[in-house]
Amino acid sequence: MGLQAVESVKVGAWGIRSLIRRKQVDSDNVRSSHQHHQLAKELSILHLIAVGVGSTIGAGVYILVGTVAREHSGPALSISFLIAGIAAALSAFCYAELASRCPSAGSAYHYSYICVGEGVAWLVGWALILEYTIGGSAVARGISPNLALLFGGDGSLPFFIARQHIPGLDVTVDPCAAILVLVVTGLLCVGIKESTVAQGIVTTLNVCAMFFVIIAGGYLGFKTGWVGYELPTGYFPFGVDGMLAGSATVFFAYIGFDTVASTAEEVKNPQRDLPLGIGAALSICCGLYMLVSIVIVGLVPYYALDPDTPISSAFASHGMQWAAYVITIGAVTALCSTLMGSLLPQPRILMAMARDGLLPPFFFEVNKKSLVPVKSTVATGICAALLAFVMDVSQLAGMVSVGTLLAFTMVAISVLILRYVPPDEVPLPPAFHGSIDSVPYQLPCSSNKILGDNSSESISSAKDAAPLLLDKAVPTVGFPLLDQKIAQVISNDESRRKIAGWTIMLTCVGVLILASSASAVWLPSTLRYTLCGVGGALLLFGLVVLTCIDQDDARHTFGHTGGFICPFVPLLPIICILINVYLLVNLGGGTWARVSVWLFTGALVYAFYGRSHSSLRHAIYVPIAHADEIYRTSTNDAV
């Protein structure tokens, strides 16, 4: 009878269930099946700060201050950086909770797989692969022009590493970029601790260059009277709207702290160090950005800033032409550090996806000596080096943002799911199916719904479970803010989970409608405002309902406990979702056309390989309360 129950709940190979199956947080039982593919736990909080700061502060800040100040913010540039930093912190809070609760390789892909489902997790992982590959190649292509400035300008690099144009193919190759990618790849293969120490050294040089800008620029500012702030146009020459537009632009300067989450499996004390590492890295970056912008827009009026070399030209206007060398060194070290940060996460995401069966086993093999996924790292490095060598990927830079913003959005949604409808079932691998019939399935007597002792009845009930709208029992909750009639309807635990799940879904739909209609300036005003009203109403409805409904008590025991808890739920994750979806919608039609080709390719890979090779394809879902007992029974039988 047990075998028949097993067969009755296997996920259909071609059914929609393959898209919504969810995996378990990596407990000791899960890790034991991958004991030969575990990464080394070598990282401390200082390593994480080095990774976070190094991956976030790129050379773009040396250019961004001029462009944004001239076109959007004016002297209020520092406020734009502050607002963007606060917006990034919303995602950081969500990352911090999930990273400490689910400390495994894979970052947003891993969290989406646990909380949302396999289909969404695949798209997130596939988008992140695109982000890190193109991002690393674009960063590498930007290093050689900056190196040339140190040697006297364009064409001053040695012939064998200088850019060369091939007329027949109309291609400009960049040997320097390819060599640097391969060098960084080799460094990453040595070991996670060694590579993060090297990144820390390079990041320190970059931070020192920024401190030079702040200190020397501050001295010049006090000496000259901060002429950039003594303007008749005031502090907000483009108004508050311009300042907010500047915030949307500089928001992307904070992308990179999520790299810290990708190293979660290699952190010695993830519950403590991951939240501190993410928070400290983001705080340091925000502080440096604001200080640099305060100094630069004070030295030179915003309209006189050079959009290409704003910092160097600001110092040159005060007779410090030699400062350009220090700033160029800072830009080069920033690019090198960002290159390391771009190449570090991708092998771990490939490893996590291969570990789950969605990619070939080639990618999850870990070197026994260095405890690093060497094959994945080498494959990543070769692809990035080839792209950097033969292709100028600057026109594809917008595609990098899609992966990041999509990941930020799904992490915020995962926090809502974790708090209100956390998974109450776990997948049982085929190796443990023989122990199912020996364990009685009886939920606690305090629950409103009791499952029968017969295992087949219990397992069959799992067949109808959906990832977001789970139909299981949880402790009864009260609703003091709702009237008595509504409270009676949703006081039932099963109904509360359904209502919470549907509310989360409707909230996401409302966010999408609101962000899309607000950005569609080509729509007739009446239709546009109507759609904005509908989207805003759905969003507000979701916020009110989730605020009134108590969060699921199972959240306290979900995953690894004792880590960071995201504050102001559901308000904070919903605002995070709204910001990221708005930025996604505004990336442009050309970017989305190119990304759609990549995502469609990924859908084909999943349909013809990942779906049928998933480690969950034969899994049976059992209540969490009985999973440990099944593992113990299986272990005892083996002994």
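The structure under discussion appears in the preceding block.
Residues numbered from 1 in each chain as written. Predicted model: local features only at pLDDT ≥ 70, side-chain atom pairs only at ≥ 80, totals over all residues. Heavy atoms only, no water.

### Here's the deal with the overall build of the protein
Piece 1. Of regular secondary structure, the protein possesses 26 helices and four strands.
Piece 2. For the protein, the residues scored as buried account for 56% of the 639 residues in total.
Piece 3. Contacts in the protein between residues far apart in sequence, at least 24 positions, make up 83% of those at least 6 positions apart.
Piece 4. Surface accessibility of the protein: about 25700 Å² in total, with carbon and sulfur atoms responsible for 68%. (Helix = DSSP H or I, 4+ residues; strand = E, 2+ residues; numbered from the N terminus. Buried < 20%, exposed > 50% of the residue type's maximum accessible area, 1.4 Å probe, protein only. Contact = heavy atoms within 4.5 Å. Areas by Shrake-Rupley, 256 points an atom, 1.4 Å probe, with all protein chains shown as cover.)

### Comments concerning the packing of aromatic side chains
Between two aromatic rings, the relevant description is the distance of the centres plus the angle of the planes.
Piece 1. Counted by the stated rule, this structure contains 21 aromatic pairs.
Piece 2. Taking the centre distance of 6.2 Å and the plane angle of 20° together, the rings of Tyr229 and Tyr235 count as stacked.
Piece 3. According to the relative accessible area criterion, Tyr229 is partly exposed, its value standing at 28%.
Piece 4. On the basis of relative accessibility, which here comes to 33%, the residue Tyr235 falls in the partly exposed class.
Piece 5. Note on Tyr254 and Tyr289: the rings are 5.2 Å apart at their centroids and 80° apart in plane angle, and the pair reads as edge-to-face. One end of the pair, Tyr254, is in the loop between helix H12 (239–250) and helix H13 (258–262); the other, Tyr289, is in helix H14 (residues 270–299), and 35 residues separate them in sequence.
Piece 6. A relative accessible area of 1% means that Tyr254 is categorised as buried.
Piece 7. The buried category is assigned to Tyr289, whose relative accessible area is 1%. (Phe/Tyr/Trp six-rings, centres within 6.5 Å; stacked < 30°, edge-to-face > 60°.)

### Side note on the pairing of strand E3 (residues 425–428)
Piece 1. In E3, alternate side chains face the same way, and those of Glu425 and Pro427 on one face and Val426 and Leu428 on the other are all buried.
Piece 2. When E3 meets strand E4 (residues 620–623), the two strands line up antiparallel, connected through four bridges. Considered in E4, the bridge of Glu425 is made with Pro623. (Pairing = 2+ DSSP bridges.)

### With respect to the environment of Phe81
Piece 1. With respect to the element layout, Phe81 can be found in helix H6 (residues 77–101).
Piece 2. Between the C-alpha atom of Phe81 and that of Gly287, which follows or precedes it by 206 residues, the distance is 9.0 Å.
Piece 3. Filtering out sequence-adjacent residues up to four positions away, Phe81 remains in contact with Val65, Val250, Ala253, Tyr254, Cys286, Tyr289, Met290 and Ser293.

### What to know about helix H9 (residues 143–150)
Along an α-helix, a turn takes 3.6 residues, which lines up residues three or four apart on a common side.
Piece 1. When we look at burial in H9, the residues that qualify are Ile143, Ser144, Asn146, Leu147 and Ala148.
Piece 2. Where H9 is buried, its residues touch helix H8 (118–141), helix H10 (175–190) and helix H16 (323–343).

### As for the nonpolar core
Soluble globular proteins: nonpolar side chains tend toward being buried together.
Piece 1. Judged by nonpolar contacts, the single largest core of 167 residues is most densely connected at Tyr62, Phe81, Tyr95, Tyr289, Ile296, Ile311 and Phe315.
Piece 2. Take this core: its biggest share by element is 15 residues, from helix H19 (residues 397–420).
Piece 3. Excluding residues within four positions of it along the chain, Ile296 makes contact with Val213, Leu305, Pro310, Ile311, Ala314 and Phe315.
Piece 4. Counting six residues, the second largest nonpolar core, distinct from the first, contains Val426, Leu428, Ile620 and Val622. (Core = buried A, V, L, I, M, F, W, Y, C linked by side-chain atoms within 4.5 Å.)

### A word on a nonpolar patch on the surface
Piece 1. Together, Leu182, Val378, Ile382 and Leu386 line one region of the surface with nonpolar side chains, adding up to about 340 Å² of accessible area.
Piece 2. Locating Leu386 in the fold gives a position in helix H18 (residues 374–390).
Piece 3. By relative accessible area, Leu386 is classed as exposed at 53%. (Patch = residues over 30% accessible without salt bridge, like charges linked within 9 Å, V, L, I, M, F, W, Y side chains within 5 Å. Salt bridge = Lys/Arg side-chain N within 4 Å of Asp/Glu carboxyl O.)

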